[in-house]
Amino acid sequence: MQKPKVLTPKELKKIMPRLAGWKLANNKLVRTLEFQDFVASLAFVNSLVAYFETMDHHPDVKIAYGEVTFELTRYDSGGKVTDRDVEVAKKISSTYRQRT
């Protein structure tokens, strides 16, 4: 797998409108998703663990009963947002849209 590419502010400005629901805060892509309860929140996170491993990406995840907040950044790239963060954000969003 290729090393993640750090995105420039100009690249991020162009990408952010295409990441519906995500915001850029403190050099991280951040999104909070809502769920019915803690079990559903945890099940959603667990459904993505294998994907995170294959992508060599381990997002910061905060679970609060019916909410899950993802914070995506690459610590090995100096705490910057990379193309891999964007790819992972898209996967999280598509998985969330597909849940029943």
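For the structure itself, look to the data block above.
I will try to describe carefully the structure that is included in this document. Bear in mind that the values here come from a model prediction, so they are computed numbers and not experimental data. (Residues numbered from 1 in each chain as written. Predicted model: local features only at pLDDT ≥ 70, side-chain atom pairs only at ≥ 80, totals over all residues. Heavy atoms only, no water.)

Attention now moves to the packing of helix α2 (residues 38-54) against helix α3 (residues 83-98). Packing of α2 against α3 brings their axes to within 11 Å, and their N-to-C directions diverge by 140°. Between α2 and α3, the crossing angle belongs to the class labelled oblique. Two packed elements cross with a definite hand, and for α2 against α3 that hand is right-handed. Across from Phe44, Ser47, Leu48, Tyr51 and Phe52 in α2, the residues of α3 making contact are Glu87, Val88, Lys91, Ile92, Thr95 and Tyr96. Its residues assigned to classes, the contact of α2 with α3 comprises seven nonpolar, two polar and two charged. (Axes fitted to C-alpha atoms, helices over the stretch in contact; angles between N-to-C directions. Helix = DSSP H or I, 4+ residues; strand = E, 2+ residues; numbered from the N terminus. Parallel < 35°, antiparallel > 145°, perpendicular 65-115°, else oblique. Left-handed = near helix turned anticlockwise from the far one by under 90°. Contact = heavy atoms within 4.5 Å. Nonpolar A, V, L, I, M, F, W, Y, C, P; charged D, E, K, R; others polar.)

The next subject is a positive patch on the surface. Taken together, the side chains of Lys10, Lys14, Arg18 and Lys90 make up a positively charged region of the molecular surface. Note on placement: arginine 18 falls in the loop between α1 (9-15) and β1 (23-25). Owing to a relative accessible area of 58%, arginine 18 belongs among the exposed residues under this scheme. (Patch = residues over 30% accessible without salt bridge, like charges linked within 9 Å, V, L, I, M, F, W, Y side chains within 5 Å. Areas by Shrake-Rupley, 256 points an atom, 1.4 Å probe, with all protein chains shown as cover. Salt bridge = Lys/Arg side-chain N within 4 Å of Asp/Glu carboxyl O. Lys, Arg positive; Asp, Glu negative; His and termini not counted. Charge placed at Lys NZ, Arg CZ, Asp CG, Glu CD. Buried < 20%, exposed > 50% of the residue type's maximum accessible area, 1.4 Å probe, protein only.)

A cluster of nonpolar side chains, namely Phe38, Val39, Leu42, Val61, Ile63 and Tyr65, defines an oily patch on the protein surface of about 530 Å² accessible area. If you tally residues by element for the nonpolar patch, the top one is α2, at three residues.

The element strand β4 (residues 67-72) is extensively covered by neighbouring structure, given that five of its six residues are classed as buried. As paired strands, strand β2 (residues 28-34) and β4 are joined by six bridges and run antiparallel to one another. Bridge assignment links glutamate 34 to a residue of β4, and that residue is glutamate 67. Judged from the five bridges that link them, strand β3 (residues 60-64) and β4 form a sheet pairing that is antiparallel. Bridge pairing links aspartate 60 to glutamate 71 in β4. (Pairing = 2+ DSSP bridges.)

Now for α2. An ideal rise of 1.5 Å per residue puts 24 Å on 17 residues; α2 measures up with 25 Å between its terminal C-alpha atoms. At leucine 48, α2 shows its largest bend, some 35°. Among the residues of α2, Ser41, Phe44, Val45, Leu48, Tyr51 and Phe52 are the ones counted as buried. Looking at the packing, one finds that the buried side of α2 touches β2, β3, β4 and α3. For α2, the N-terminal capping position is held by aspartate 37, with its side-chain oxygen 3.2 Å away from the main-chain nitrogen of valine 39. A positive phi of about 50° marks aspartate 56, the residue just after α2. (Expected span 1.5 Å × (residues − 1). Bend = angle between axes of the 7 residues up to and from the residue. Polar contact = N/O pair within 3.5 Å; in protein donor to acceptor, adjacent residues only side chain to side chain.)

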